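Here is what each chain is made of, one letter per residue.
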Amino acid sequence: MGWVTSSFEAHSDWIRAIDMVGCFVLSCSSDSSIRLSDFRSGVGIGVCLGHKQVVEDVKFIPSKLNKYLDKLMNVENDKDNDIYKRLGYKYAVSCGRDKLIKFWKLPLAVISENSQSTTNSLNPYGECIFEIKGHESWIKSLKFHYNDKYLISCSDDQTIKVWDISNLNLNDIQPI
């Protein structure tokens, strides 16, 4: 039997899913928000707001895909790229009961001298960079294919959809 070594409150309602990269945890909740936290301290780094209903799942987007999203957003020479590389994250994707898949540029964590992460008080909010409406009902779960090229979504509409991240086009976003 294991022992709880720490815990922290991240949301005001049920937590639906978590994902992790390095010491950072993404969580989503019935409170319609996504929170980025440092799991070592429980400090909230930032929040993503924009879903209109329960957020069912959230995932860090693998860093191999940053080049596609940067190109799509015309930020191939993002001045913060080196900081994001050090942190191990830049983008996230979420889905929920509003039938949307949302892509987020996450806020930067500020790393103190003692290597602790803190909130960027100048901008603690993630930016929704685009969204996809491709399901007819609640989207329940997201998963990246092992080659990190495809995002797979499943829904209460009884479908599984496969999205090619390397070929996303904001004018014509369709599943493959």
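Note that the structure is predicted; figures quoted are calculated from it, not measured.

Thresholds, definitions, all that
- Residues numbered from 1 in each chain as written.
- Predicted model: local features only at pLDDT ≥ 70, side-chain atom pairs only at ≥ 80, totals over all residues.
- Heavy atoms only, no water.
- Core = buried A, V, L, I, M, F, W, Y, C linked by side-chain atoms within 4.5 Å.
- Buried < 20%, exposed > 50% of the residue type's maximum accessible area, 1.4 Å probe, protein only.
- Helix = DSSP H or I, 4+ residues; strand = E, 2+ residues; numbered from the N terminus.
- Contact = heavy atoms within 4.5 Å.
- pLDDT = per-residue confidence, 0-100.
- Pairing = 2+ DSSP bridges.
- Axes fitted to C-alpha atoms, helices over the stretch in contact; angles between N-to-C directions.

Enquirer: Where do I start with the nonpolar core in this structure?
Expert: Here is a general trend for soluble globular proteins: nonpolar side chains tend to be buried in one another's company. Within the largest apolar cluster, 20 residues are counted, with the highest numbers of intra-cluster contacts made by Phe24, Leu26, Ile34, Leu36, Phe60, Tyr89 and Leu106. Elements represented by at least two residues in this core include exactly β2 (24-29), β3 (33-38), β4 (44-49), β5 (55-60) and α2 (81-87). Contact partners of tyrosine 89, with chain neighbours within four places excluded, come to Val21, Phe24, Leu36, Ile45, Phe60, Tyr84, Leu106, Pro107, Leu108 and Ala109. Core analysis: the next-biggest nonpolar cluster, separate from the first, contains 19 residues, Leu72, Ile101, Ile132 and Leu151 among them.

Enquirer: Please clarify how the confidence of the model for the protein chain should be interpreted in this entry.
Expert: Parts of the model with low pLDDT should not have their predicted coordinates read in detail. Summary statistics for the protein chain give a mean pLDDT of 88 and a share of 88% for residues scoring 70 or more. Across the protein chain, element-level confidence peaks in β5 with a mean pLDDT of 98 and bottoms out in strand β9 (residues 117-118) with 67.

Enquirer: So what exactly am I meant to see when it comes to the sheet that holds β3 here?
Expert: In a beta sheet, neighbouring strands are held together by backbone hydrogen bonds and run either parallel or antiparallel to one another. Spatially, β1-β2-β3-β4 is the arrangement adopted by the four strands of the open sheet, whose pairing is antiparallel. Looking along the sheet, the strands with just one partner apiece sit at the ends: β1 (15-21) and β4. Each adjacent strand pair in this sheet contributes to an overall mean axis angle of 20°, direction not counted. Sheet topology note: the β1/β2 ladder contains six bridges and is antiparallel. The partner of isoleucine 15 across the bridge, within β2, is serine 29.

Enquirer: Mind showing me how you'd approach the pairing of β3 here?
Expert: If a strand is regular, its side chains alternate between the two faces of the sheet. With six of its six residues buried, β3 lies for the most part within the structure. What you see with β3 is no split at all: Ser33, Arg35 and Ser37 on one side and Ile34, Leu36 and Asp38 on the other are buried throughout. Note that β2 and β3 share five bridges and pair antiparallel. Across the sheet, residue cysteine 28 finds its bridge partner in β3, namely isoleucine 34. Counting the residues between successive antiparallel strands, the hairpin from β2 to β3 contains three residues, one of them, serine 32, with a positive phi of roughly 70°. Sheet analysis places β3 next to β4, joined by five bridges and oriented antiparallel. By the bridge assignment, serine 33 is partnered in β4 with leucine 49. Between β3 and β4, which pair antiparallel one after the other, the connecting turn spans five residues, and glycine 42 there sits at a positive phi close to 80°.

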